[in-house]
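Each chain, written out:
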Amino acid sequence: GHPDLPDENVVTGSTGIAGAAWNEDGHGHGTHCAGTIAAIGGNNRGVVGVVRSGLMKMHIVRVFNGAGNWTWGSDLLTAVEACVAAGSNVVSMSIGGAGKSQTQEIAYKRMFNEENVLLVAAAG
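A brief structural summary. (Residues numbered from 1 in each chain as written. Predicted model: local features only at pLDDT ≥ 70, side-chain atom pairs only at ≥ 80, totals over all residues. Heavy atoms only, no water.)

**Some details on helix 1 (residues 29–38)**
Our working definition: For every residue, the accessible area (1.4 Å probe, protein chains only) is compared with the maximum for its type, and the residue is labelled buried under 20%, exposed over 50%, or partly exposed between those bounds. The numbering of helices and of strands both runs from the N terminus, where a helix is a DSSP run of H or I of at least 4 residues and a strand a run of E of at least 2. The arc in question is the one spanned by the directions pointing from the helix axis to the C-beta atoms. Contacts are assigned to residue pairs with any non-hydrogen atoms lying within 4.5 Å of each other.
Along helix 1, the residues classified as buried are Thr31, Ala34, Gly35 and Ala38. Projected down its long axis, helix 1 carries its buried residues within an arc of 100°, all on one side. On its buried side, helix 1 packs onto strand 2 (58–62).

**As for the pairing of strand 2**
Residues in a regular strand project their side chains so that they alternate between the two faces of the sheet. To keep things clear, this is the line we draw: Strand pairing is assigned whenever DSSP detects at least two bridges linking the two strands. Note on handedness: a clockwise path from strand one over the helix to strand two, with the strands aimed away from the viewer, defines a right-handed crossover.
Along strand 2, 4 of the 5 residues are buried, which leaves the element largely enclosed by surrounding structure. Pairing analysis gives 5 bridges linking strand 1 (residues 11–15) to strand 2, with the strands arranged parallel. Each bridged residue has a counterpart across the sheet, and for Ser14 the counterpart in strand 2 is Val61. Taken together, strand 1, helix 1 and strand 2 constitute a β-α-β crossover, and its handedness is left-handed.

**Quick notes on the pattern of salt bridges**
Heads up, the condition is: For this analysis, a salt bridge means a side-chain nitrogen from Lys or Arg found within 4 Å of a carboxyl oxygen belonging to Asp or Glu.
Applying the stated criterion across every chain yields a total of 3 salt bridges. Across the salt bridge formed by Glu105 and Lys100, the nearest N and O atoms sit 3.7 Å from each other. Classification of Lys100 by relative accessible area gives exposed; the value is 73%. For the salt bridge of Arg110 with Glu115, the shortest nitrogen-to-oxygen distance reads 2.2 Å. Judged by its relative accessible area of 30%, Arg110 is partly exposed. Assessed through its relative accessible area of 37%, Glu115 is described here as partly exposed. Here the salt bridges share partners, and the residues they tie into one network are Lys100, Glu105 and Lys109.

**Focus: the nonpolar core**
Heads up, the condition is: Here, the term nonpolar core denotes a set of buried Ala, Val, Leu, Ile, Met, Phe, Trp, Tyr and Cys residues that are joined through side-chain atoms within 4.5 Å.
Grouped together as the largest cluster of nonpolar side chains are 14 residues, with contacts concentrated most on Val80, Val91, Tyr108 and Met111. Listing elements by their share of this core, those giving two or more residues are helix 2 (73–85), strand 3 (90–95) and helix 3 (102–115). Tallying contributions element by element places helix 2 first for this core, with 6 residues. Counting 5 residues, the second-largest nonpolar core is a separate cluster that includes Leu5, Val11, Ala38 and Met58.

**Examining unusual backbone geometry**
In this structure, Asn44 takes a positive phi of about 60° despite not being glycine. Examined against the element boundaries, Asn44 turns out to sit in the loop between helix 1 and strand 2. Located in the positive-phi region is Asn116, a residue other than glycine, with phi close to 55°. Along the chain, Asn116 falls in the loop between helix 3 and strand 4 (118–123).

This is how it looks when you write it as structure tokens:
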């Protein structure tokens, strides 16, 4: 996990990778993204996130293995659904790939239009 994120009362999570903890990031990318969003400011440690108060609740779902690979596109949809079920109103994804899924597109439109969830994805 990121040493400069709020404690477990504010940051929760789950994993879609068998045998891997949600708060262990062997690749480092998810940890970097979480720190960019919510690393605590004014504590003389690490970086300062965009929301640096330490009060932003985060629910992190791990979908990549330690090498930064994943297996199925449906893993991402399941992860986003888990975030929404945990009460997230913004879901940030840092992903890449050329594939397109009509199932995902329909689900994401529903989450945005009916559940007022903003989905942010950096792809490349």
